[in-house]
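A structural walkthrough
Listed below, chain by chain, are the residues.
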Amino acid sequence: MDSSDEEKPAVPPRGRARRAGGNKPSVPDAAFDIWLRRGLHQMFDDVAREPIPPELLRLIEEDRKK
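Bear in mind the structure is a predicted one, so any value in this text is a computation, not a measurement. (Residues numbered from 1 in each chain as written. Predicted model: local features only at pLDDT ≥ 70, side-chain atom pairs only at ≥ 80, totals over all residues. Heavy atoms only, no water.)

This brings us to the overall build of the chain. A tally of regular secondary structure across the chain gives 2 helices and 0 strands. Looking at the chain as a whole, 3% of its 66 residues are labelled buried. Surface exposure of the chain reaches about 6700 Å², of which carbon and sulfur atoms provide 58%. (Helix = DSSP H or I, 4+ residues; strand = E, 2+ residues; numbered from the N terminus. Buried < 20%, exposed > 50% of the residue type's maximum accessible area, 1.4 Å probe, protein only. Areas by Shrake-Rupley, 256 points an atom, 1.4 Å probe, with all protein chains shown as cover.)

In this section: the packing of aromatic side chains. Applying the stated criterion across every chain, the model contains 1 aromatic pair. Plain terms: the ring middles of Phe32 and Trp35 are 5.6 Å apart, the flat faces sit at 35° to each other, and that makes the pair tilted. One end of the pair is Phe32 and the other is Trp35, both in helix 1 (residues 27-49) and 3 residues apart, which spans about a single turn. The exposure class assigned to Phe32 is partly exposed, which follows from its relative accessible area of 30%. (Phe/Tyr/Trp six-rings, centres within 6.5 Å; stacked < 30°, edge-to-face > 60°.)

Summed over all chains, the structure comprises 5 salt bridges. The residue Asp46 makes a salt bridge to Arg49 at a minimum N-O spacing of 3.2 Å. Taken as a pair, Asp46 and Arg49 lie in helix 1 at a separation of 3 residues, close to a single helical turn. By relative accessible area, Arg49 is classed as exposed at 62%. In this structure, Glu61 engages Arg64 in a salt bridge whose closest nitrogen and oxygen atoms are separated by 3.0 Å. Taken as a pair, Glu61 and Arg64 lie in helix 2 (residues 54-65) at a separation of 3 residues, close to a single helical turn. You can call Arg64 exposed: its relative accessible area is 61%. (Salt bridge = Lys/Arg side-chain N within 4 Å of Asp/Glu carboxyl O.)

A few words now on the confidence of the model for the chain. Within the chain, residue pLDDT values average 78, and 62% of them lie at 70 or more. Of the regions scoring below 50 in pLDDT, residues 1-5 engages in 0 contacts with residues more than four places distant in sequence or in other chains. (pLDDT = per-residue confidence, 0-100. Contact = heavy atoms within 4.5 Å.)

Compared with the 33 Å implied by 1.5 Å per residue over 23 residues, the 32 Å span of helix 1 between its first and last C-alpha is a close match. Largest kink in helix 1: about 45°, centred on Met43. (Expected span 1.5 Å × (residues − 1). Bend = angle between axes of the 7 residues up to and from the residue.)

Right, dumping it as structure tokens:
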């Protein structure tokens, strides 16, 4: 076993730490959340606006009746 196989201590992701004693996110945490939300909207809003195919709607309705 070499040094790459040794367990490494868990390190929290950068910018995701919370302030001690409170539930309010730290400034880096809030900035990351805003960045992530904007990025996800840019990537997926067009897809989310597409109509649901009739075949998928039919399958969903059939499953509801079961």
